[in-house]
Amino acid sequence: MPEADEGGPEMMSFRELARRLVADGVVQRMSNQRVSQLAREDPAFPPVVQIGRSKAVDYRLARPYFASRKSRQGQRTDLRPSAE
């Protein structure tokens, strides 16, 4: 089996990405819906490729993104103190 550092990108669907991030211990919990939301809203998210009706991302770029991302589970991001 080839080494992970060899060859081209390791493309995977959002569903597989969420499963793999949990399996590799990068995050405790992750859903494909959350991956999709981050891809839409976070400009720092790795590049997304459309393959048919599915979207895919390179795991080798996504893993460091999720590993360095600060989790804010349970925090309301829509309620921010107003600047006065």
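I will try to describe carefully the structure that is included in this document. (Residues numbered from 1 in each chain as written. Predicted model: local features only at pLDDT ≥ 70, side-chain atom pairs only at ≥ 80, totals over all residues. Heavy atoms only, no water.)

This structure, assessed with the given rule, holds four aromatic pairs. A ring pair is formed by phenylalanine 14 and phenylalanine 45, whose centres lie 6.4 Å apart and whose planes are at 75 degrees; its orientation type is edge-to-face. Here phenylalanine 14 is found in helix H1 (residues 14-23), whereas its partner phenylalanine 45 is found in the loop between helix H2 (32-41) and strand E2 (48-51), with 31 residues between them in sequence. Like phenylalanine 14, the residue phenylalanine 45 is buried in the burial classification. With a centroid separation of 6.1 Å and an interplanar angle of 85 degrees, the aromatic rings of phenylalanine 45 and phenylalanine 66 are classed as edge-to-face. Of the two residues, phenylalanine 45 is situated in the loop between H2 and E2 and phenylalanine 66 in helix H3 (residues 59-68); the sequence distance between them amounts to 21 residues. Given a relative accessible area of 3%, phenylalanine 66 falls into the buried group. Three or more aromatic residues joined by ring pairs form one cluster here, namely Phe14, Phe45, Tyr65 and Phe66. Geometry around tyrosine 59 places arginine 20 over its ring, the cationic atom sitting 4.0 Å from the centre. (Phe/Tyr/Trp six-rings, centres within 6.5 Å; stacked < 30°, edge-to-face > 60°. Helix = DSSP H or I, 4+ residues; strand = E, 2+ residues; numbered from the N terminus. Buried < 20%, exposed > 50% of the residue type's maximum accessible area, 1.4 Å probe, protein only. Lys NZ or Arg CZ within 6 Å of the ring centre and 35° of its normal.)

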